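Survey of secondary and tertiary structure
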Amino acid sequence: MMLNLLALETSSSRCGVALLRLCKGEVQVTLREHEGSQEHAERLLPMADALLAEAGLRRADLGAVAFGQGPGGFTGLRVACGVTQGLAFALDLPVLPVVSHLAVASQSTAGPGQVVVVALDARMEEVYLAAYRRGAAGEAPWQTLVEPLLMPAAAVPDWLAAMLPAWGVDETSLPVRVAGDAWEAYAGQMALPALCERDPALRPGADAVARLGLAAWQRGETVPAELAAPLYVRDKVAFTTAERAEGAGGNPRARVPGPAAAAPGPAGGAALPAGMTLSPMTRGDIDAVLAIETAVQAFPWTARNIQDALTAGYPAWVLREAGGAAAGFYIAMHAPDVAHLLVIAVRRDAQGGGLGRYLMAHCEAAAAALGLEGVLLEVRPSNEQAQRFYARQGFKQIGLRRGYYPAAHGGREDARVLQKPLAVVERQP
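Basis of the calculations
- Residues numbered from 1 in each chain as written.
- Predicted model: local features only at pLDDT ≥ 70, side-chain atom pairs only at ≥ 80, totals over all residues.
- Heavy atoms only, no water.
- Helix = DSSP H or I, 4+ residues; strand = E, 2+ residues; numbered from the N terminus.
- Buried < 20%, exposed > 50% of the residue type's maximum accessible area, 1.4 Å probe, protein only.
- Contact = heavy atoms within 4.5 Å.
- Areas by Shrake-Rupley, 256 points an atom, 1.4 Å probe, with all protein chains shown as cover.
- Arc of directions from axis to C-beta.
- Pairing = 2+ DSSP bridges.
- Axes fitted to C-alpha atoms, helices over the stretch in contact; angles between N-to-C directions.
- Phe/Tyr/Trp six-rings, centres within 6.5 Å; stacked < 30°, edge-to-face > 60°.
- UniProt positions renumbered as here; feature names shortened; annotations may be inferred.
- Polar contact = N/O pair within 3.5 Å; in protein donor to acceptor, adjacent residues only side chain to side chain.
- Salt bridge = Lys/Arg side-chain N within 4 Å of Asp/Glu carboxyl O.
- Expected span 1.5 Å × (residues − 1).
- Left-handed = near helix turned anticlockwise from the far one by under 90°.
- Nonpolar A, V, L, I, M, F, W, Y, C, P; charged D, E, K, R; others polar.

1. A word on the overall build of the protein chain
A tally of regular secondary structure across the protein chain gives 11 helices and 17 strands. The burial tally for the protein chain puts 49% of its 429 residues in the buried class. Expressed as a percentage of contacts within the protein chain between residues at least 6 apart in sequence, the contacts between residues at least 24 apart total 65%. For the protein chain, the accessible surface area stands at approximately 19,700 Å², while carbon and sulfur atoms represent 53% of it.

Written out as structure tokens, the structure reads:
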């Protein structure tokens, strides 16, 4: 197998180009970098051509092009994406977008099973944050724990301390590696919680983007040039004095996990089913919730999964019959701009009576009340009943995550990513 892959990374002040050559199972990577955020556009292609010339190659010899899609500086991201699309269209090449935070994580010293939290400087006393776990032998190389999000630098320590139990990190496990340049930029605001250690990886390199691009290419995860796009998690960088006085500064800012919020009132106008009550999930509900989940899912959540969600402060609600028995539940996670519905289930003998619709409506109402723009979820392609239910609730597919779910006989099953936009509730001053 042979491949010549060009990788571009301009999400920070560093402009980097890497040429990866795969031949008979051997990988060689050469790298060129230049420091200077205002010079990305003029230097990127000349650096790429110089690398190709040194290797005795032409642009026509390329088989794919990868780029660091961010998050990061707006101008830099557009430069890398634009050059990538130009090369891909001209040479009919597949494109491999690589999340810049994952590139930093891959440069870290984390060992198998170890968590890496990457925080990159987003300016304005904010950081772009993401978390990953390095896979053990026989597993996928990386598991995404938290997709990139925007967070105030001062909120990071509390957020991280709250998330550690959900990731299974305690005194008996490997410490969390924290990487990225934000730990230096905001050292006064981002003190390390216990069980965390600094890592020397600071910014994404084009060589890391190249290696991750190769792995994605080998998995068949290419995209056509017209679908290549930067990854933005902040869409507004200029704020009025009044907006700043009210705490504006993000898209929106992430919320630090805490105790479950009070019920947001009628679930999107849906009536509570007769004889039913809805209340926050507690640790005393774990056995009942687990029984429902185990009965309706081929690969259910475990008691530890549910306990970790409660420890992390995720919104979790239980629908109860008059006698107190649990009839259904859901667990969600509030990200910066969407609510991520992690799990929802109704007891098998209670299905068909609108309980699932009520739980979904409650989840949506809670998200809208927080100003979130939509609800996101994953579903197995093989779960046709769930797909029909989500379609009736207004969800549409926006993506595909390959090998996301465990499957029978040690296999993996893709996940269809669905999302529903919400009408945001205007908050009263």
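Having seen the model, we can carry on.
2. Considering helix H8 (residues 286-296)
Among all positions in H8, only Ile286, Val289, Ile292 and Glu293 are buried. An end-on view of H8 places all buried positions within 130° of arc, on one side of the element. On its buried face, H8 is in contact with helix H9 (303-311), strand S12 (316-320), strand S13 (326-334) and strand S14 (338-346).

3. Structural notes on the sheet that holds strand S10 (residues 196-198)
Strands sit in the order S8-S7-S6-S9-S10 across an open sheet of five strands; the sheet is mixed. Lying at the two open borders of the sheet, with one neighbouring strand each, are strand S8 (142-152) and S10. Each strand axis lies, on average, 20° off the axis of its neighbour in the sheet, ignoring direction.

4. Here's the deal with the packing of aromatic side chains
Counted by the stated rule, this structure contains three aromatic pairs. Ring centres of Tyr390 and Phe395 lie 5.9 Å apart, and the angle between their planes is 65°; on these two criteria the pair is classed as edge-to-face. Take Tyr390 and Phe395: they sit in the same class, and that class is buried.

5. Looking at the UniProt feature "active site" (unreviewed entry) in the protein chain
As recorded in UniProt, the sites labelled "active site" (unreviewed entry) are Glu378 and Tyr390. With respect to the secondary-structure elements, Glu378 resides in strand S15 (residues 374-379). Judged by its relative accessible area of 11%, Glu378 falls in the buried class. Excluding residues that lie within four positions of it along the chain, Glu378 makes contacts with His340, Arg401, Tyr404, Tyr405, Ala415, Arg416 and Val417. Reaching out from Glu378, the side chain makes a polar contact with the side chain of His340 at a distance of 2.9 Å. With respect to the element layout, Tyr390 can be found in helix H11 (residues 384-392). Apart from the residues within four sequence positions on either side, Tyr390 is in contact with Ile344, Met360, Leu377, Val379, Phe395 and Leu418.

6. A closer look at the pairing of S13
Most of S13 sits out of view: eight of its nine residues are buried. Pairing analysis gives five bridges linking S12 to S13, with the strands arranged antiparallel. Paired with Val318 across the two strands is Phe329, which belongs to S13. Counting the residues that bridge the hairpin from S12 to S13 gives five residues, and of these Gly324 lies at a positive phi of roughly 100°.

7. Comments concerning the sheet that holds strand S4 (residues 64-70)
Strands sit in the order S3-S2-S1-S4-S5 across an open sheet of five strands; the sheet is mixed. Two strands close off the open sheet at either side, each with one partner strand: strand S3 (26-35) and strand S5 (95-99). Taking each pair of neighbouring strands and ignoring which way they run, the sheet shows an average axis angle of 20°. Here strand S1 (residues 2-9) pairs with S4 via four bridges, running parallel. The partner of Leu6 across the bridge, within S4, is Val65. Sitting on the sheet, helix H1 (residues 40-54) is in contact with S1, strand S2 (14-23) and S3, with an inclination near 25° to S2.

8. A word on the pattern of salt bridges
Taken as a whole and judged by the stated rule, the model has 16 salt bridges. Across the pair Arg347 and Asp349 runs a salt bridge, and its minimum N-O distance is 2.6 Å. Asp349 sits in the exposed class, given a relative accessible area of 63%. Shared partners join several salt bridges into a network, and the residues in it are Arg177, Glu197 and Asp199.

9. Here's the deal with H1
For H1, built from 15 residues, the straight-helix expectation of 21 Å at 1.5 Å per residue is met to within 8% by its first-to-last C-alpha distance of 21 Å. For H1, the complete set of buried residues consists of His40, Leu44, Met47, Ala48, Ala50, Leu51 and Leu52. Directly beyond the C-terminal end of H1, a positive phi value near 75° is found at Gly56.

10. Re the packing of H1 against helix H2 (residues 74-91)
For the pair H1 and H2, interaxial distance at closest approach is 10 Å and the crossing angle is 35°. Between H1 and H2 lies a crossing whose hand is right-handed. In this structure, H1 uses His40, Ala41, Leu44 and Leu45 to contact H2, whose residues at the interface are Gly76, Val79, Ala80, Val83 and Leu87. Looking at the contact of H1 with H2 residue by residue, the class counts come to seven nonpolar, two polar and no charged.

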